[in-house]
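# Chains, contacts and geometry: an overview
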Amino acid sequence: MEKREQWGSRVGFILAAAGSAVGLGNIWRYPYIAYDNGGGAFLIPYLFALFTAGIPILLLEYAIGQKMRGSAPLSFRRLNEKWEWLGWWQAGISFFIVTYYMVIIGWSLSFTYFSFGRQWGEDTEAFMLGDYLGVANLTEGSWFGGLQWNVFVPVVIMWAITFYILYRGVRRGIETATKILMPILVIVMIIITIRGITLPGASAGLNALLEPDWTAMANPQVWVAAYGQIFFSLSIAFAIMITYSSYLPKKTDLANNGFIVAFANSGFEFLAALAVFGTIGYLAMVSGVGVDEAVNSGIVLAFIVFPQIINTLPGMNDLFGFLFFGALTLAGLTSAISIAEVCISAVREKFNLTRDRAVIWVCGIGFLVSMIYVTSGGLNFLDIVDYAVNQFGIVFAGLVEVILLSWFYKLTTFRDHINELSDLRIGGWWDVCLKYVTPIVLIVMGGMNVYNEIVEGPYGGYPFGQVAIAGYAVAIGVIIVGFIFQNMKWRSEGAMDT
Ligand code: PHE
Ligand code: NA
């Protein structure tokens, strides 16, 4: 039997966990979420969510993985035989995330390359939707359209890199890669931020970002947005942290590690927000477009507004573009590795596969699913899957996780475990957050999301059939698959225990 893999050092674990946390969510999601939800005032719900849900769940997941020494399904099974499906549910969510996440980092890779000589030209929207994604050429009524070769190639490259890193294993692959990539990312982010906030006009953008709208605090949507950002951004509630901490040595300080990772992640969000809004302020100045109009959600912001800004920058545009999209690609890569590893460790333990085989299966099937989003109609599906996993998958899997562990299991087992290993002592506040605060917020959040879906009809105005397949079927399918897997025979329970 193979021995359980282990991180080579504490720094290695922290960098890998921070590498997972710091991703597309920090660079393109946080800035507009903060802006849309009260600007400077958003910091209050954000910090509240961080301390009542983010850090408590992060520590809980570290404790589960490190104590139970298994992938998510195995760890939950060891807590209670009937809970294995929760691990599979979370692994299923992770699987769907990795399939589309790889495509977005493929785009980032393309745009890193396009930065040389700014191959996107003047009208970046027409470029992105037409030439690049091919959405504009999609014939009416066609769901998928044709394969986009210019998207296919970078996606294959990113999958190949991910495959290679995972194939090499926890220490020689994931740890080595993050040790190289994370320092580069920190430096690049600092350069971009300095450039962003020193551009002419930057102050208008920064004002727009930071100006507190206190009325937002009375709006429950704003609080829900803060929790949503924290869950996605810290990569909690879909088994990543359980998986990564299952490779920790038996004696490790958990509380310290958790705080370091959480603060590093927030630090990246704040840097990215400054960089993005400084740059948008510049755009507002040169183009006369209001900051308001320039801010847009994810894909549009990163791949349409940003290239447009880069075009007009005073000097060294190519370098700025290269660094911005390079950072997006690297941040995304270290996250993608962590999501794929969730599925790899799960199937590896259940079916007693070697790492090589598990990597081939997960990356192989993941790659095939990715191909859907590489067609000209693929953007719809990408958007719907993203919506389904975030609004329903993570919220409900997170809810079930905290309820099972805090109501039907002795939470103090984990608190004692953490405290025994750590310098920092975790007090009773931790139990209160997990038992009451987080479940209440998640119930409200899930309820609002379901209500909106019912009242407003299929998400995003997409055809019902598409939302039914990529949305409802995916969100419910991963739960069903969880039960199916739970009822399959374990080929290697405890095989990689030590
Ligand atoms: N935490 C990552 C981010 O902020 C997102 C992520 C999602 C990472 C899923 C891993 C898995 O972008
Ligand atoms: Na993040």
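So, here is what we can say about the structure in this document. On a predicted model such as this, the values are computed, not experimentally measured, just so you know. (Residues numbered from 1 in each chain as written. Chains lettered and ligands numbered in written order. Predicted model: local features only at pLDDT ≥ 70, side-chain atom pairs only at ≥ 80, totals over all residues. Heavy atoms only, no water.)

Within the structure shown, the criterion is met by 45 aromatic pairs. A centroid spacing of 6.2 Å and a plane angle of 85° characterise the contact between Trp28 and Phe303, whose relative ring orientation is edge-to-face. Within this pair, whereas Trp28 is found in helix H2 (residues 24–36), its partner Phe303 is found in helix H14 (residues 298–312), the two being separated by 275 residues in sequence. For Trp28, a relative accessible area of 10% puts it in the buried group. Among the residues examined, Phe303 registers a relative accessible area of 0% and is labelled buried. Aromatic side chains Trp149 and Phe152 sit 5.1 Å apart centroid to centroid with 75° between the ring planes, which places their arrangement in the edge-to-face category. Taken together, the residues Trp149 and Phe152, both in helix H7 (residues 149–167) and three residues apart, mark about one turn of the helix. The class of Trp149 is exposed, set by a relative accessible area of 57%. (Phe/Tyr/Trp six-rings, centres within 6.5 Å; stacked < 30°, edge-to-face > 60°. Helix = DSSP H or I, 4+ residues; strand = E, 2+ residues; numbered from the N terminus. Buried < 20%, exposed > 50% of the residue type's maximum accessible area, 1.4 Å probe, protein only.)

H14 packs onto helix H6 (residues 124–132) with a crossing angle of 135° between their chain directions and a minimal axis gap of 8 Å. Classified by the angle their axes make, H6 and H14 are oblique. The interaxial crossing formed by H6 with H14 has right-handed handedness. Contact residues: Thr124, Glu125, Met128 and Leu129 in H6; Phe303, Ile304, Pro307, Gln308 and Asn311 in H14. A per-class count over the contact of H6 with H14 returns five nonpolar, three polar and one charged. (Axes fitted to C-alpha atoms, helices over the stretch in contact; angles between N-to-C directions. Parallel < 35°, antiparallel > 145°, perpendicular 65-115°, else oblique. Left-handed = near helix turned anticlockwise from the far one by under 90°. Contact = heavy atoms within 4.5 Å. Nonpolar A, V, L, I, M, F, W, Y, C, P; charged D, E, K, R; others polar.)

Bringing the packing of H2 against helix H10 (residues 220–233) into the picture now. It is at 11 Å that the axes of H2 and H10 come closest, and there the two elements cross at 175°. Classified by the angle between their axes, H2 and H10 sit roughly antiparallel to one another. Where H2 approaches H10, its residues Gly25, Asn26, Arg29, Tyr30 and Ile33 are matched on the opposing element by Ala225, Gly228, Gln229, Phe232 and Ser233. The class makeup of the residues in the contact of H2 with H10 is four nonpolar, five polar and one charged.

This part covers the pattern of salt bridges. A side chain with one charge can pair with a side chain of the opposite charge if their charged atoms come near. Per the stated rule, a full pass over the model turns up nine salt bridges. With its nearest N and O atoms 3.1 Å apart, the salt bridge here joins Glu84 to Arg77. The pair formed by Glu84 and Arg77 is uniform in burial state, with each residue classed as buried. As a salt-bridge pair, Glu84 and Lys350 come within 2.8 Å of each other at their nearest N and O atoms. (Salt bridge = Lys/Arg side-chain N within 4 Å of Asp/Glu carboxyl O.)

Take the site of ligand 1 next. Around ligand 1, 16 residues are found, and the nearest of them are Ala21, Gly25, Phe232, Ser233 and Ser235. At 2.6 Å, a backbone N or O of Gly25 approaches an oxygen atom of ligand 1. Isolated, ligand 1 exposes 320 Å² of accessible area, and the fraction of that covered by the protein chains is 100%. Residue classes in the shell around ligand 1 are distributed as eight nonpolar, eight polar and no charged. (Near = heavy atom within 4 Å. Polar contact = N/O pair within 3.5 Å; in protein donor to acceptor, adjacent residues only side chain to side chain. Areas by Shrake-Rupley, 256 points an atom, 1.4 Å probe, with all protein chains shown as cover.)

The next thing to look at is the nonpolar core. Judged by nonpolar contacts, the single largest core of 177 residues is most densely connected at Trp107 and Phe303. If you tally residues by element for this core, the top one is helix H5 (residues 84–114), at 18 residues. When near neighbours in sequence (up to four residues on either side) are disregarded, Phe303 contacts Trp28, Ile104, Trp107, Ser108, Phe111, Met128, Phe325 and Leu328. (Core = buried A, V, L, I, M, F, W, Y, C linked by side-chain atoms within 4.5 Å.)

With that settled, the discussion passes to H6. Within H6 the residues assigned to the buried category are Thr124, Phe127, Met128, Gly130 and Tyr132. Buried residues belonging to H6 abut H5, H7 and H14. Sitting at the head of H6, Asp123 places a side-chain oxygen 3.3 Å from the backbone nitrogen of Glu125. Positioned one or two residues after H6, Gly134 has a phi angle of 75°, which is positive.

Let us now look at the coordination of the sodium ion (ligand 2). In a perfect tetrahedron of four donors around a metal, the angles come out at 109.5 degrees. In a perfect octahedron of six, they are 90 or 180 degrees. With distances of 2.1 to 2.6 Å, the protein atoms coordinating the sodium ion (ligand 2) are Ala21 (O), Asn26 (OD1), Ser233 (O), Ser233 (OG) and Asn265 (OD1). Site description for the sodium ion (ligand 2): donor spacing in sequence, A-x4-N-x206-S-x31-N. Of the two residues, Ser233 sits in helix H10 while Asn265 sits in helix H12 (residues 254–287), which places them 32 residues apart along the sequence. Residue Ser233 is classed as buried on the basis of its relative accessible area, which comes to 1%. On the accessibility criterion, Asn265 (2% relative accessible area) is buried. (Donors = N, O, S within 2.8 Å, 3.2 Å for Na, K, Ca; no water.)

Attention now moves to a nonpolar patch on the surface. Taken together, Leu43, Leu47, Phe51, Phe263 and Phe270 make up a surface patch of nonpolar side chains, about 410 Å² in accessible area. At the level of secondary structure, the elements contributing two or more residues to the nonpolar patch comprise helix H3 (43–68) and H12. Per-element tally for the nonpolar patch: the top contributor is H3, with three residues. According to the relative accessible area criterion, Leu47 is partly exposed, its value standing at 35%. (Patch = residues over 30% accessible without salt bridge, like charges linked within 9 Å, V, L, I, M, F, W, Y side chains within 5 Å.)

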